[in-house]
Amino acid sequence: MMETQEMPGRSTAARGRIRTLLRRWPHALAGLVSAGLLFGVAELISAFFSTSSSPLVALGGAFIDITPPWLKDFAIATFGTNDKLALFISMGIVATLVAAAIGLLARSRFGLAQGAILVLAVGMAAAVLSRPATGILDIVPTVVGAVAGIAALLYVSRLAASSVQGGSRTSTGEAEEHDADQARKPASSSRRRFLTVSIVTAVGAGVMLAGGRALSGVRNAAATTREALRLPRAANQATPLPEGVGAEVKGMPSFVTPNDSFYRIDTALAVPRIDPASWTLRVHGMVEEEFSIGFDELLGMELDETWLTLTCVSNPVGGDLVGNAKWLGYPLRKLLERARPQQGADMVLSTSIDGFSASTPLEVLTDDRQALLAVGMNDEPLPLEHGYPVRMVVPGLYGYVSATKWVVDLEVTRFADKAAYWTTRGWDDHGPIKLASRVDVPRPFSTVSAGTVMLGGTAWAQTRGIKGVEIKIDDGEWQKVDMATEASVDTWRQWSYEWKGAKEGTHSATVRAIDADGTVQTEKRADPVPNGASGWQRVQFTVG
């Protein structure tokens, strides 16, 4: 029997590749720790500047701005409300690869590596300046961070080179063994020094990143003032919820969505932190009277309360990007009455402090629906991530054309003259909410017990109301369900269905809603882009 032997050439080549990796990984690590220090220093210093002065936040915001609608829709469909976390992780992976490449480049051509950092710093500074409400001084954190990163790269790269010099030496024969041992001792010492400095630098960068975030929160008055704020009593209180608004099915969501469970989809990578004392809202454009109001003035007005279900245009069929809450605010129709829109105006362009804008039909903000300049949510001040101190809520329209958070500007204009944030990215400039329904219980692909199966769900048709819901088990006939009590035409309505005699096996449930006008929810499937998803939800589950 012949034995297979490794070819000498292959063995030598493999050892050569291993030696090459051993020589180069310290340089890659040097690039990583230097990048970490750059971002750590910049994050710490940014606590003394605007929120968008952080290069991480600025880069992420700039990326969101240039994201095409299909990619944004994919991110929300895939990651839901974790879309921003997914963006940060993706940015981290890219930054890791770029930093490692710069570290490897510094091994032989430090000038080019230094130039690469400078180019990246210029790009980050440009991203900072592209953010709304930033000025030239907001690039200071990026500049200082870049200087720290270059200095760290120079020092750590030299240590990396010293740490591998001994490993590149080879010796043969007994006469050279002593010299080789002596050569390894300083190399080992250099390697330990390199690793120690790298670990200390990395830990320091992490501490500065965390410290910068914490210091930003401490220095910012938004969270502190929110905690101390006591909202005034509404002049027109919301009608108390009637009995039976929630479907009596185990596992159903609460009729009122808690603030910490309410979906959040917006373009702000870092939540704007606005001190109410400095907040103002400007009302201008095609109006007879331009004016601005402050937060204290707003709180002194006659505020209204209303129950309202908000829906995101990116919500897929059967999705959970919808929530119901009690809102407190000043009617936008009264604000616009004061401004007196001019003839020909048909749109209000609302703008957030982070640059987001929404195009809302003027007629929607001046009719009798409860469109509010909201300051409260479920009997407390707006949460920071939901628009504190002031946002808009408008019945019957998707959020991308109405629910501007951190709002600071209302311009009365025309659709023919101005376009909003998502309109310029291929979405419709109007956004009426489509009639929709979903199955909440059982969950897709879950298993339930045979016999009697309780199903439950939710339907909504804001400003019109839900008249009824029908369900179809497998390919059977449509059946009417039991409807929970309706709270208002602007809120969702829950339903339940008792399926008796459920046999073991795989089954499905399909639902469709009927609004108060008698319109039946369409079966036709449509993607969220450009004006919201449509179609019946079909849920598959197992009876076991």
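All figures in this text were calculated on a predicted structure; none of them were measured in a lab.

Draft legend 1. Geometry of the UniProt feature "transmembrane region" (unreviewed entry) in the protein. In the numbering used here, UniProt assigns the "transmembrane region" (unreviewed entry) feature to residues 25–49, 85–105, 112–130, 136–156 and 194–215. Annotation note: span residues 112–130, helix share 100%, strand share 0%, distance between end C-alpha atoms 27 Å. Across residues 136–156, helical content stands at 81% and strand content at 0%; the span's end C-alpha atoms are separated by 31 Å.

Draft legend 2. Looking closely at the pairing of strand S4 (residues 322–331). Most of S4 is tucked away: 10 of the 10 residues are buried. With eight bridges joining them, strand S3 (residues 304–311) and S4 adopt antiparallel strand pairing. Within the sheet, the bridge partner assigned to Glu305 lies in S4 and is Leu328. Bridge count between S4 and strand S7 (residues 372–377): five bridges; the pairing is antiparallel. Looking at S7, one finds that Tyr330 is bridged to Leu373.

Draft legend 3. Local environment of the pattern of salt bridges. A complete count under the given rule lists 19 salt bridges for this structure. Between Glu305 and Lys326 there is a salt bridge, with its nearest N and O atoms 4.0 Å apart. Here Glu305, found in strand S3, pairs with Lys326, found in strand S4; they are 21 residues apart in sequence, far enough to count as distant. Salt-bridge contacts for Lys326 lead to Asp379; the nearest nitrogen and oxygen are separated by 3.0 Å. You can see Lys326 sitting in strand S4 and its partner Asp379 sitting in the loop between S7 and strand S8 (380–381), a full 53 residues away along the chain. Judged by its relative accessible area of 60%, Asp379 is exposed. Among the charged side chains, a network of salt bridges with common partners joins Glu289, Glu297, Arg338 and Arg340.

Conventions used here
Residues numbered from 1 in each chain as written. Predicted model: local features only at pLDDT ≥ 70, side-chain atom pairs only at ≥ 80, totals over all residues. Heavy atoms only, no water. UniProt positions renumbered as here; feature names shortened; annotations may be inferred. Helix = DSSP H or I, 4+ residues; strand = E, 2+ residues; numbered from the N terminus. Buried < 20%, exposed > 50% of the residue type's maximum accessible area, 1.4 Å probe, protein only. Pairing = 2+ DSSP bridges. Salt bridge = Lys/Arg side-chain N within 4 Å of Asp/Glu carboxyl O.

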